[in-house]
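Listed here are the chains, written in short residue letters.
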Amino acid sequence: MTSRPEAEQETTPSAVSPAQDQTVKGTNTRKVFVRTYGCQMNVYDSERMTDVLAPEGFEATDDMEDADLVILNTCHIREKAAEKVYSELGRIRKVKQERARHGKDMMVGVAGCVAQAEGEEISRRAPIVDLVVGPQSYHQLPGLLSKVRNGNKVVETEFDIDAKFDHLSARAERPVMKRPPAAFLTVQEGCDKFCTFCVVPYTRGAEVSRSVEQIVAEAERMAAGGVREVTLLGQNVNAYHGEAKDGSIWGLGRLLRRLADIDGLDRLRYTTSHPRDMDDDLILAHRDLKSLMPYLHLPVQSGSDKILKSMNRRHTRDEYFRLIDRIREAAPDIALSGDFIVGFPDETDQDFADTMDLIRRVEYGSAFSFKYSQRPGTPGATMDNQVPEDVKSARLAELQALISGQQKAFNASRRGMVCDVLLEKKGRNPGQIVGKSPWLQPVQLDAAEDLIGSIQAVEIVEIGSNSLFGQLIAGQDDHANPGLPRLRSKGDVI
Ligand code: SAM
Ligand code: SF4
């Protein structure tokens with residue numbers, strides 16, 4: 001099954017290099033290594049951390065042993081993710097000791113949701129950690145690091161999200177930098193829904209939206225730096241309710257319509273959404289905006305009304321079905337994705353069968369699924385009738401087999417189609433590049449490297465387990481025009 005864009009992936013963000021950023025001081029460059037766990041919001045935050053550190057003379061490195069500062073940007077959504085951080089800290093301790101033998105220092109920071117949730121406990125369990133910083137305090141990194149250099153252990157987990165957003169917009173004043181063709185843009189943080197399994201409302205705090213003006217300015221700067229596709233991010237992104245200059249409050253649909261007007265931004269996406277917040281304007285944006293890609297990640301978690309209620313999801317399975325019908329009416333070619341949790345407390349065989357039935361009825365293009373993980377402090381953790389691990393494992397395997405079949409069928413349905421592909425980076429093999437289809441599938445093809453950053457018409461000729469294989473349609477120029485039909489069948493190329 002496809003790996004989830006939003007779980008347990010580790011990335012080292014390509015940070016600002018001195019060549020890209022005029023504000024790097026002098027030649028006394030220090031190196032920062034950032035490892036990112038979890039969701040796209042963490043990927044975005046990691047990039048922001050390196051942005052904040054660039055004027056302090058920090059340059060990103062992919063080599064931890066070369067780093068003067070190591071930051072783990074952590075995820076707390078499931079138990080294993082936090083445990084991974086502690087075992088990584090064990091490995092870092094050895095690297096730090098080795099550097100010390102050569103007279104080199106190394107500062108170690110833990111950021112993200114594990115930092116927010118565990119605070120001082122982290123320095124207690126892992127004394128090599130110098131700095132613990134929660135997601136709302138990254139703009140303070142330079143000051144916090146100078147405290148560390150003065151010999152202090154620092155823990156900063158205050159919730160001051162407005163200051164963080166103000167800082168993000170201040171960053172937009174800086175010179176335009178060359179950016180990769182696809183980028184993330186956080187528009188909303190936190191969550192007020194309090195699903196009974198989820199730590200987000202505790203680690204990321206209450207729901208806050210950035211202002212329309214801040215987002216538009218950042219998106220314009222991204223486009224000026226060469227970004228062709230922007231994915232708007234939020235823990236509950238479609239709850240977006242940002243203030244416009246005239247004081248009116250905009251929902252996500254209206255924001256997308258505004259962003260679609262920005263020259264050069266050819267593709268828009270957003271993630272992750274809650275079914276309760278899919279309003280008509282957002283649904284109709286999928287019908288109206290050619291640049292809004294035909295992909296929607298809309299987690300339902302369970303197909304059982306009893307479990308949905310106990311998860312505090314605030315909708316029924318029938319309401320979800322009706323919503324899917326409305327979405328498909330507006331955008332018939334949309335690829336639907338979702339999240340599922342198996343083994344939530346008191347989930348019986350019948351409840352699980354209801355989830356399987358929901359999946360069969362909806363037919364997903366892809367989905368992500370997890371065994372329920374008891375998160376301390378959430379209501380689910382202390383509910384009766386916790387489901388045994390072996391039952392969870394068996395249900396997960398069954399569910400993933402179903403989803404995997406649906407994903408294969410969806411991918412196979414693209415064979416022979418011609419679609420626009422945003423070419424993003426070099427592939428594994430020489431001469432190969434990788435891009436993304438409108439439905440978020442990776443597409444591999446043989447093409448010249450200088451096409452990276454362009455949108456090309458590609459015929460899908462082969463289907464792999466996780467990606468599609470394509471061929472460039474000769475003579476087609478960069479499809480910068482979002483007015484082009486996004487889905488054409490073979491022989492119908494314009
Ligand atoms: N806001 C989105 C929604 O309402 O569905 C979900 C965002 S959550 C950060 C990402 C996913 O992690 C969830 O959809 C859920 O499937 C999974 N997840 C969250 N808490 C979990 C837990 N305690 N155990 C297992 N999976 C969990
Ligand atoms: Fe967590 Fe999503 Fe529920 Fe918010 S809506 S509590 S982020 S699962």
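Residues numbered from 1 in each chain as written. Chains lettered and ligands numbered in written order. Predicted model: local features only at pLDDT ≥ 70, side-chain atom pairs only at ≥ 80, totals over all residues. Heavy atoms only, no water.

Q: I tried to follow the overall build of the protein on my own but got confused; where do I start?
A: Looking only at helices and strands, the protein has 14 helices and 23 strands in total. Sequence separation of at least 24 residues holds for 73% of the intrachain contacts in the protein that already meet a minimum separation of 6. (Helix = DSSP H or I, 4+ residues; strand = E, 2+ residues; numbered from the N terminus. Contact = heavy atoms within 4.5 Å.)

Q: What am I meant to see in the sheet that holds strand β1 (residues 30-36) here?
A: Each strand in a sheet pairs with another by means of backbone hydrogen bonds, the pair being arranged parallel or else antiparallel. With parallel pairing, 6 strands are arranged side by side in an open sheet as β2-β1-β3-β4-β5-β6. Pairing within the sheet leaves two strands with one partner each, and these edge strands are β2 (58-60) and β6 (154-156). Ignoring strand direction, the axes of neighbouring strands in this sheet form an average angle of 20°. The strands that helix α1 (residues 40-53) touches are β1, β2, β3 (69-74) and β4 (107-112); relative to β3, the one it contacts most, it runs at about 155°. On the sheet, helix α5 (residues 141-149) packs against β1, β2, β3, β4, β5 (131-133) and β6 and is oriented at approximately 160° with respect to β5. (Pairing = 2+ DSSP bridges. Axes fitted to C-alpha atoms, helices over the stretch in contact; angles between N-to-C directions.)

Q: Please explain the pairing of strand β20 (residues 442-446) as it appears in this structure.
A: Where a strand is regular, its side chains alternate between the two sheet faces. For strand β19 (residues 432-436) and β20, the ladder comprises 5 bridges, and the chain directions are antiparallel. Counted as the bridge partner of Ile433 is Leu445 from β20. Hairpin geometry of β19 and β20 is characterised by an intervening segment of 5 residues between the two adjacent antiparallel strands and by a positive phi of about 70° at Leu440. Where β20 and strand β22 (residues 468-472) come together, 2 bridges link them in parallel fashion. The partner of Gln444 across the bridge, within β22, is Phe469.

Q: Just to check I follow, could you spell out the packing of aromatic side chains for this structure?
A: Aromatic rings in a pair are described by how distant their centres are and how their planes are angled relative to each other. Per the stated rule, a full pass over the model turns up 4 aromatic pairs. Judged by centre distance (5.6 Å) and plane angle (75°), the rings of Phe194 and Tyr202 are edge-to-face. With a relative accessible area of 37%, Phe194 lands in the partly exposed category. On the basis of an interplanar angle of 85° and a centroid distance of 5.4 Å, the ring pair of Phe340 and Tyr364 is categorised as edge-to-face. Taken together, the residues Phe340 in strand β16 (residues 339-342) and Tyr364 in the loop between α13 (349-362) and β17 (368-371) connect sequence positions 24 residues apart. As far as burial versus exposure is concerned, Phe340 and Tyr364 are alike and both buried. (Phe/Tyr/Trp six-rings, centres within 6.5 Å; stacked < 30°, edge-to-face > 60°. Buried < 20%, exposed > 50% of the residue type's maximum accessible area, 1.4 Å probe, protein only.)

Q: Would you take a moment to explain the side chain of Glu156 for this structure?
A: With respect to the helices and strands, the residue Glu156 is situated in strand β6. One buried charged residue, Glu156, remains without a salt bridge, the closest side chain of opposite sign being Lys147 at 5.6 Å. For Glu156, the side chain forms a polar contact with the main-chain nitrogen of Glu158, separated by 3.2 Å. Those residues in contact with Glu156 that sit more than four places away from it in its chain are Val132, Val133, Gly134, Ser137, Gln140 and Leu144. (Lys, Arg positive; Asp, Glu negative; His and termini not counted. Salt bridge = Lys/Arg side-chain N within 4 Å of Asp/Glu carboxyl O. Polar contact = N/O pair within 3.5 Å; in protein donor to acceptor, adjacent residues only side chain to side chain.)

Q: Can you walk me through the pairing of β17 in this structure?
A: With 4 bridges connecting them, β16 and β17 associate as parallel partners. When the sheet's bridge partners are listed, Asp339 is paired in β17 with Phe368. The parallel pair β16 and β17, bridged by α13, forms a crossover whose chirality is right-handed. (Right-handed = clockwise from strand over helix to strand, strands pointing away.)

Q: Would you mind showing me how to read the packing of helix α9 (residues 252-259) against helix α10 (residues 280-288) here?
A: Axis angle and axis distance: for two packed helices, these are the angle between their axes and the distance between the axes, and together they describe the pair. At a closest axis distance of 7 Å, the pairing of α9 and α10 adopts a crossing angle of 30°. Here α9 lies roughly parallel to α10, going by the angle between them. Along the contact surface, α9 presents Leu252, Gly253, Arg254, Leu256 and Arg257, while α10 presents Asp281, Leu282, Leu284, Ala285 and Asp288. Taken together, the residues of the contact of α9 with α10 break down into 5 nonpolar, 1 polar and 4 charged. (Parallel < 35°, antiparallel > 145°, perpendicular 65-115°, else oblique. Nonpolar A, V, L, I, M, F, W, Y, C, P; charged D, E, K, R; others polar.)

Q: What's the story with the site of ligand 1 in this structure? I'm lost.
A: In the region of ligand 1, 19 residues are neighbours, and Gln235, Gln301, Arg313, Asp339 and Ser373 sit closest. Here Arg78 contributes a side-chain N or O atom positioned 3.2 Å from an oxygen atom of ligand 1. Gln301 has a polar side-chain atom sitting 2.7 Å from an oxygen atom of ligand 1. When ligand 1 is considered free in solution it has 560 Å² of accessible area, and contact with the protein chains removes 94% of it. Where the shell around ligand 1 is concerned, the elements lending two or more residues are β16 and β17. Across the shell around ligand 1, the residue classes break down as 7 nonpolar, 5 polar and 7 charged. (Near = heavy atom within 4 Å. Areas by Shrake-Rupley, 256 points an atom, 1.4 Å probe, with all protein chains shown as cover.)

Q: Hey, could you run me through the nonpolar core in this one?
A: Grouped together as the largest cluster of nonpolar side chains are 55 residues, with contacts concentrated most on Leu232, Tyr270 and Tyr364. In terms of nonpolar packing, the next biggest core, distinct from the first, is built from 24 residues, Leu72, Ala82, Val108 and Val132 among them. (Core = buried A, V, L, I, M, F, W, Y, C linked by side-chain atoms within 4.5 Å.)

Q: Got a minute to help me understand the site of ligand 2 in this structure?
A: All residues adjacent to ligand 2 are Cys191, Lys193, Phe194, Cys195, Phe197, Cys198, Val200, Pro201, His274 and Arg313. Split by residue class, the shell around ligand 2 holds 7 nonpolar, 1 polar and 2 charged.

Q: When you look at the sheet that holds strand β13 (residues 267-271) in this model, what are you seeing that I'm missing?
A: Across the sheet, which stays open at both edges, the 3 strands sit in the order β7-β10-β13 with parallel pairing between neighbours. Two strands close off the open sheet at either side, each with one partner strand: β7 (182-186) and β13. The sheet shows a mean angle of 25° between the axes of neighbouring strands, direction not considered. In this structure, β7 lies alongside strand β10 (residues 229-233), joined through 5 bridges in parallel fashion. Directly across from Phe184, in β10, lies its bridge partner Thr231.

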